[in-house]
Amino acid sequence: MFTTEYDVIVVGAGHAGSEAAAAAANMGSKTLLVTMNLQNIAQMSCNPAMGGIAKGQIVREIDALGGYSGIVTDNSAIQFKMLNKSKGPAMWSPRAQSDRMRFAEEWRLMLEQTQNLDFYQEMVKGLIIEGERVCGVKTSLGLEIRSKTVVLTNGTFLNGLIHIGDKNFGGGRAGEKAATGITEDLVKLGFESGRMKTGTPPRVDGRSLDYSKMSIQPGDEQPDKFSYLKTTKPLKEQRACHMTYTSPEVHNLLREGFDRSPMFNGRIQSIGPRYCPSIEDKINRFADKDRHQLFVEPEGWNTVEVYVNGFSTSLPEDVQFKALRSVAGFENVKFFRPGYAIEYDYFPPTQLKHTLETKIVEGLYFAGQINGTTGYEEAASQGLMAGINAALKVQEREEFILKRNEAYIGVLIDDLITKGTEEPYRMFTSRAEYRTLLRQDNADFRLTPIGYKLGLASEQRLRAMEKKKTDSDAFIQFFRETSVKPEEINPILEQKKSAKVKQQDKMFKIFARPNISMEDMRHVESVANYIEVYDLDKEVLEQTEIQVKYAGYINKEKSNADKLNNLERVKIPVDFKYDDLTNLSLEARQKLSKIRPVNLSQASRISGVSPSDISVMLVYLNR
């Protein structure tokens, strides 16, 4: 097994590692997935859920390209919600609660059924470097396994340190040891490293909770799903979540433990996620608020284990327990395990190319929390892209980079490479300037043809996407060409308190009104007949409605994206000497020399590089 050289070795089997291994193997590369514990493949270390604001779009993009996360989520979901439905479709974000054990099992089974993929359980202690390229990995048992490329997806395991109150101990996750050796190897090679922090709440016994004191949080009445494949099905039954609140009494009990909190006594100095703060951080930063939401989330279909979302903490276990027992519905709570914080090594992502290959060592790729991100979805998307690019490098094919107007994945990677991050990076819809184009409903239109060309998305996916596009385009054309008489449409318009028409008019114009929905249009006989004759499904109806109602916004964003692409066409030589351009500001010269953007578009997004600096560059490069 170890005498043959692999094409790709993936280190770590979390969400990033699992997607990286699946992508490389499915593209025909001989791949090895090395992890410290094969029983914990794709473990949901924190909350038992996939998706959410902007994260749901990423999962759909992974699926559209041919990744596994959407399929696994659909096959292990216990609840589904489309968030932000009260807003425009650019903001709609799918989210699913998962059965934690089924999720990991589903991933394990799918990976085991993936050709070209081998598995090995052991700690990777270092890298084999020859010249300026990676040639394999070294394990704790002294094995040297050679490969043409290596993808590091170490999560929180690199020199991981777990904190509970004034106690701390090495570990990458509760009950699992930390990984050592890799950071030290990389620093010797010239990489810059740093420390970050994340945390998780206590897990509790659902049998000890009084749900009658909480408000119920059900899933959607008509749940959707993540994968575009027809082989996964929406849920017919769902498990409810619940919501309760902290109180001034809870906050006071938590404050009693602040002197023993590693967050406040200096034991933890690294930066945690801004948008998922610990409960002690929340009551400290938002002292004016007398309560905070807690979401009570079941860990699966049948288990009694419950995740207390919103109560992430590193306070001493006795303080956690005492405070949580003062929360409504938690008066008799029993712990399965206390919450904890974890510090770990990361490498500022400005040291990477857009392919996620490192600039210092050829053939070495980073994906996931090693790049300073937080979240399963962000990690999985990076793993997918690193796995794809590692396979392409081995196959001597052109690298694969997604632009900011093509995918949230493109926004994520460009933000990391161009701006770097000093705190755990989380994706939001607000980070994407072209979010009207990057909707969750059209990820297959945007990415499945690309995934198919890469050899990752199946022909089955491509055909399903093409049929959906053909059906929705034809239905849109039907609305453009077909007229409706006043007597047919006015009763509907009157009911919706919309201005009535005095003469026959095209249905597209009426349907484009903001208060007229597809359900309203289905009351028109010709529309109802068309849907029945062509057997249009929910996805086609949704796609048609969005395209009709938001045509103006979509066209405007496409125009803006074209302008961005013009700057992307202006390439910057790899060895460009910024210091020679004295008309550039000093800050711009320093930032550009460090980050080394590949084109003017990327250069324009670097903090400290002004529009006038870009103008200087444009004039010089055009010469």
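Further up the page is the structure itself.
Now for a quick tour of the structure. (Residues numbered from 1 in each chain as written. Predicted model: local features only at pLDDT ≥ 70, side-chain atom pairs only at ≥ 80, totals over all residues. Heavy atoms only, no water.)

A few words on the sheet that holds strand E4 (residues 77–83). Adjacent strands of a sheet pair through backbone hydrogen bonds, lying either parallel or antiparallel. Reading across from one edge, E3-E5-E4 is the order of the three strands in this open sheet, with antiparallel pairing throughout. Both edges of this open sheet fall to strand E3 (49–51) and E4, since each of them pairs with a single strand only. Averaged over neighbouring strand pairs, the angle between their axes works out to 15 degrees when direction is ignored. Of the pairings in the sheet, the one linking E4 to strand E5 (residues 93–98) comprises six bridges and is antiparallel in character. (Pairing = 2+ DSSP bridges. Helix = DSSP H or I, 4+ residues; strand = E, 2+ residues; numbered from the N terminus. Axes fitted to C-alpha atoms, helices over the stretch in contact; angles between N-to-C directions.)

What follows covers the side chain of Ser-147. In this fold, Ser-147 is placed in strand E9 (residues 144–152). At 2.9 Å, the side chain of Ser-147 forms a polar contact with the backbone oxygen of Thr-149. In contact with Ser-147, not counting residues within four places along its chain, are Glu-5, Tyr-6, Asp-7, Ile-9, Val-134, Cys-135 and Gly-136. (Polar contact = N/O pair within 3.5 Å; in protein donor to acceptor, adjacent residues only side chain to side chain. Contact = heavy atoms within 4.5 Å.)

We now examine the sheet that holds strand E16 (residues 293–298). A sheet is described by the order of its strands in space; here six strands give the open sequence E14-E15-E16-E17-E13-E18, paired in antiparallel fashion. Of all strands in the sheet, those bounded by a partner on one side alone are strand E14 (215–217) and strand E18 (335–337). Between one strand axis and the next, the sheet turns by 35 degrees as a mean value, whatever way the strands run. Both strand E13 (residues 203–205) and strand E17 (residues 305–309) contribute to a ladder of three bridges, which runs antiparallel. Its bridge partner lying in E17, Arg-203 is registered against Tyr-307. Contacting E13, E17 and E18, helix H8 (residues 317–324) runs over the sheet at an angle of about 145 degrees to E18.

Within the secondary structure, Pro-262 sits in the loop between helix H6 (248–255) and helix H7 (279–285). Owing to a relative accessible area of 0%, Pro-262 belongs among the buried residues under this scheme. It is 70 Å that separates the C-alpha atoms of Pro-262 and Pro-486, two residues lying 224 residues apart in sequence. Once you skip the residues sitting within four places of it in the chain, Pro-262 turns out to touch His-163, Gly-165, Arg-267, Ile-268 and Ser-314. (Buried < 20%, exposed > 50% of the residue type's maximum accessible area, 1.4 Å probe, protein only.)

Here we take up empty space enclosed by the protein. Considering all chains together, one arrives at two cavities of 30 Å³ or more under this definition. In this structure, the largest cavity occupies an estimated 40 Å³ of space. Every residue lining the largest cavity is listed: Asp-74, Ala-77, Phe-80, Asp-224, Lys-225, Lys-233, Pro-234 and Leu-235. A class-by-class count of the residues in the lining of the largest cavity yields four nonpolar, no polar and four charged. (1 Å grid on protein atoms, 1.4 Å probe; cavity = no way out; pocket = protein on both sides within 12 Å on 5 of 7 lines; lining within 4 Å. Points joined across faces, edges and corners; volume = space filled by probe spheres on them. Nonpolar A, V, L, I, M, F, W, Y, C, P; charged D, E, K, R; others polar.)

Within the element layout of this structure, Glu-466 appears in helix H12 (residues 459–481). Through-space distance from the C-alpha of Glu-466 to that of Pro-449 is 9.1 Å; in sequence the pair is 17 residues apart.

Moving on: the packing of aromatic side chains. Scanning all chains against the criterion turns up 18 aromatic pairs. Ring geometry for Phe-191 and Phe-347: centres 6.2 Å apart, planes at 85 degrees, overall edge-to-face. With Phe-191 in the loop between helix H5 (182–188) and strand E12 (194–200) and Phe-347 in the loop between strand E19 (340–346) and strand E20 (364–366), this residue pair connects regions lying 156 residues apart in the sequence. Taken as a pair, Phe-191 and Phe-347 share a single burial class, namely buried. Three or more aromatic residues joined by ring pairs form one cluster here, namely Phe-475, Phe-478, Phe-479, Phe-511, Tyr-530 and Tyr-534. Geometry around Tyr-245 places Arg-291 over its ring, the cationic atom sitting 3.6 Å from the centre. Lys-468 extends its terminal NZ or CZ atom over the ring of Phe-445, reaching a point 5.0 Å from the ring centre. (Phe/Tyr/Trp six-rings, centres within 6.5 Å; stacked < 30°, edge-to-face > 60°. Lys NZ or Arg CZ within 6 Å of the ring centre and 35° of its normal.)

On to helix H2 (residues 55–65). Most of H2 sits out of view: 11 of its 11 residues are buried. Every buried residue of H2 is listed here: Lys-55, Gly-56, Gln-57, Ile-58, Val-59, Arg-60, Glu-61, Ile-62, Asp-63, Ala-64 and Leu-65. Trailing H2 by a residue or two, Gly-66 shows a phi angle of about 110 degrees, which is positive.

Take the state of the cysteines next. Summed over the entire model, instances satisfying the criterion amount to zero disulfides. Looking at the unpaired Cys-241, the closest cysteine sulfur is the one in Cys-46, lying at 14 Å. (Disulfide = S-S within 2.5 Å.)

Examined against the element boundaries, Glu-378 turns out to sit in helix H9 (residues 376–394). Take Glu-378: its relative accessible area is 0%, and that puts it in the buried class. The residues contacting Glu-378, other than those within four sequence positions of it, are Lys-55, Thr-373, Leu-412, Arg-426 and Met-427.

This part is about the layout of surface pockets. Volume-wise, the second largest pocket comes out at about 880 Å³. Taken together, 31 residues form the lining of the second largest pocket, with His-354, Glu-399, Ile-401, Lys-571 and Val-598 sitting closest to its centre. Per-element tally for the lining of the second largest pocket: the top contributor is helix H10 (residues 408–419), with three residues. Its residues placed into classes, the lining of the second largest pocket shows 13 nonpolar, five polar and 13 charged.

Turning to the nonpolar core, a few remarks are in order. Note that soluble globular proteins tend to have their nonpolar side chains buried in a common cluster. Counting 101 residues, the largest nonpolar core has Leu-152 and Leu-364 as the members making the most contacts within it. With 10 residues, H9 is the largest single contributor of residues to this core. Within the second largest apolar cluster, 24 residues are counted, among which are Val-484, Phe-511, Val-527 and Val-540. (Core = buried A, V, L, I, M, F, W, Y, C linked by side-chain atoms within 4.5 Å.)

Attention now moves to the pattern of salt bridges. The final tally for this structure, using the stated rule, is 41 salt bridges. Residues Arg-133 and Glu-362 are paired through a salt bridge, measuring 3.4 Å at the closest nitrogen-oxygen approach. Taken together, the residues span a long stretch of sequence, with Arg-133 in strand E8 (residues 133–139) and Glu-362 in the loop between E19 and E20 at a distance of 229 residues. Classification of Arg-133 as partly exposed rests on a relative accessible area of 29%. On the basis of relative accessible area, Glu-362 is assigned to the partly exposed category, the value being 35%. A cluster of three or more residues bridged by salt bridges with shared partners is formed by Arg-404, Asp-414, Asp-415, Lys-419, Glu-433 and Arg-605. (Salt bridge = Lys/Arg side-chain N within 4 Å of Asp/Glu carboxyl O.)

Helix length check: H10 (12 residues) gives 16 Å between terminal C-alpha atoms against 16 Å at 1.5 Å per residue, within 8%. Burial of H10 is extensive: 11 of the 12 residues sit out of reach of the surface. Looking only at H10, the buried set comprises Tyr-408, Ile-409, Gly-410, Val-411, Leu-412, Ile-413, Asp-414, Asp-415, Leu-416, Ile-417 and Thr-418. Along its buried surface, H10 packs onto H2, H9, helix H19 (586–595) and helix H20 (600–604). Downstream of H10 by one or two residues, Gly-420 has phi in the positive range, about 70 degrees. (Expected span 1.5 Å × (residues − 1).)

A few words on the pairing of E5. Remark: a regular strand shows side chains that alternate across the two faces of the sheet. Of all six residues in E5, five are buried, a share of seventy percent or more. As paired strands, E3 and E5 are joined by three bridges and run antiparallel to one another. By the bridge assignment, Ala-49 is partnered in E5 with Gln-97.

Distances and angles like these do not, on their own, reveal function.
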